[in-house]
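A closer look at the structure
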Amino acid sequence: MEAVKLQRLEPKEKVGLVVVITGNGKGKTSSAMGMALRAVGHGMHVCIIQFMKGDLYSGEMDGIKRLAPDVELHLTGKGFCGIMGNPYPYKEHRANAQDAIKLAKDKMLSGKFDILILDEINNALKLKLVDLPQVIDLIDSKPRLMHLILTGRDAHPDVIERAHTVSEVREIKHAYRQKIEPQKGIDY
Ligand code: ATP
Ligand code: MG
């Protein structure tokens, strides 16, 4: 890259945002990862907690390690609850998600992170693996300057209401519907 001096903007007032990425299209988790990548460039510290993951390998599990110690990734759970082929009972998914909520609260209050990403938490709420008051409590007890990012389909209206930025990723097409199996680097 050319050695041009880039202007670095500083907001006059720093605000810790609540960001929701929801919808049925592809790009929610990868959008959150993109913000983590961007934050690292600013010397910020990011904690990512993934709900309902941990049964299938995804590239970010090792990709994020290259950003350590500025970014830490915690996988919780045993894959998507209620999806055909996932053998674990609801009770187990619920217990895992409850552990993830506790971890989220600990990380949030540790004061170590500028951004906390709760990946698939909207989904976990929809599937009743966590309860609405638990998610609202997390949002309400967020340190003032910390950013909180919540991803997953079917975001709850009460969560959307509390967020500053909400994006809905809408499926226009998905390779899956053309019988193309998930591809490395793009889908996982
Ligand atoms: P990504 O992780 O690629 O950003 P996402 O978080 O928006 O996707 P999820 O709903 O979490 O999407 O789905 C997880 C994985 O399933 C992704 O790899 C995605 O490509 C794939 N996927 C998304 N939508 C569909 C679909 N309709 N059918 C099958 N697979 C899908
Ligand atoms: Mg996702």
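Residues numbered from 1 in each chain as written. Chains lettered and ligands numbered in written order. Predicted model: local features only at pLDDT ≥ 70, side-chain atom pairs only at ≥ 80, totals over all residues. Heavy atoms only, no water.

1. Quick look at the coordination of the magnesium ion (ligand 2)
Bound to the magnesium ion (ligand 2) are the protein donor atoms Thr-29 (OG1) and Glu-120 (OE), situated 2.1 Å from the metal. In this pair, Thr-29 sits in helix H1 (residues 28–41) while Glu-120 sits in the loop between strand E4 (115–119) and helix H4 (121–126), placing the two residues 91 residues apart along the sequence. There is no split in this pair, since Thr-29 and Glu-120 are both buried. (Donors = N, O, S within 2.8 Å, 3.2 Å for Na, K, Ca; no water. Helix = DSSP H or I, 4+ residues; strand = E, 2+ residues; numbered from the N terminus. Buried < 20%, exposed > 50% of the residue type's maximum accessible area, 1.4 Å probe, protein only.)

2. Remarks on the packing of helix H3 (residues 90–109) against helix H5 (residues 132–140)
Close contact between H3 and H5 brings their axes to 10 Å; oriented N to C, the two are set at 10 degrees. In terms of orientation, H3 lies roughly parallel with respect to H5. Facing H3, whose interface residues are Gln-98, Ile-101, Ala-104, Lys-105 and Met-108, H5 presents Gln-134, Asp-137 and Leu-138. Class assignment for the residues of the contact of H3 with H5 results in four nonpolar, two polar and two charged. (Axes fitted to C-alpha atoms, helices over the stretch in contact; angles between N-to-C directions. Parallel < 35°, antiparallel > 145°, perpendicular 65-115°, else oblique. Contact = heavy atoms within 4.5 Å. Nonpolar A, V, L, I, M, F, W, Y, C, P; charged D, E, K, R; others polar.)

3. Description of the nonpolar core
Looking at soluble globular proteins, one finds that nonpolar side chains tend to be buried together. Among the nonpolar cores identified, the biggest contains 29 residues, and Phe-51 and Leu-118 are the most heavily contacted of them. Taken together, the elements giving at least two residues each to this core come down to strand E1 (18–22), strand E2 (46–50), H3, E4, H4, H5 and strand E5 (147–151). Per-element accounting of this core gives the leading share, five residues, to H3. When sequence neighbours within four positions are dropped, the list of residues in contact with Leu-118 reads Ile-49, Phe-51, Ala-104, Leu-138, Leu-148, Ile-149, Leu-150 and Thr-151. Residues Met-33, Ala-36, Ala-39 and Ile-149 belong to the second largest nonpolar core, which totals 14 residues. (Core = buried A, V, L, I, M, F, W, Y, C linked by side-chain atoms within 4.5 Å.)

4. Some thoughts on the confidence of the model for the protein chain
Scored by pLDDT, the protein chain has a mean of 95; 97% of the residues are at 70 or more. Mean pLDDT across the secondary structure elements of the protein chain bottoms out at helix H2 (residues 60–63), with 95, and peaks at E1, with 99. (pLDDT = per-residue confidence, 0-100.)

5. Brief notes about H1
With 14 residues, H1 extends 21 Å between its outermost C-alpha atoms, agreeing within 8% with the 20 Å of an ideal straight helix rising 1.5 Å per residue. Looking at H1, one finds that the buried residues are Lys-28, Thr-29, Ala-32, Met-33, Ala-36, Ala-39 and Val-40. The buried residues of H1 occupy one face: seen down the axis, they fall within an arc of 140 degrees. Across from the buried face of H1, at angles greater than 90 degrees, the exposed residues are Leu-37, Arg-38 and Gly-41. In the core, the buried residues of H1 are packed alongside E1, E2, H2, strand E3 (71–75), E4 and E5. Positive phi shows up at Gly-43, right after H1, with a value of about 75 degrees. (Expected span 1.5 Å × (residues − 1). Arc of directions from axis to C-beta.)

6. Here's the deal with the sheet that holds E3
Taken in spatial order, the six strands line up as E3-E2-E4-E5-E1-E6 in an open sheet, and their pairing is parallel. Pairing within the sheet leaves two strands with one partner each, and these edge strands are E3 and strand E6 (165–168). Shown here is a sheet whose adjacent strand axes are inclined to one another by a mean of 10 degrees, direction ignored. By the bridge criterion, four bridges tie E1 to E5 in an arrangement that is parallel. Each bridged residue has a counterpart across the sheet, and for Val-19 the counterpart in E5 is Ile-149. Along the sheet, H3 makes contact with E2, E3, E4 and E5, crossing E2 at roughly 175 degrees. (Pairing = 2+ DSSP bridges.)

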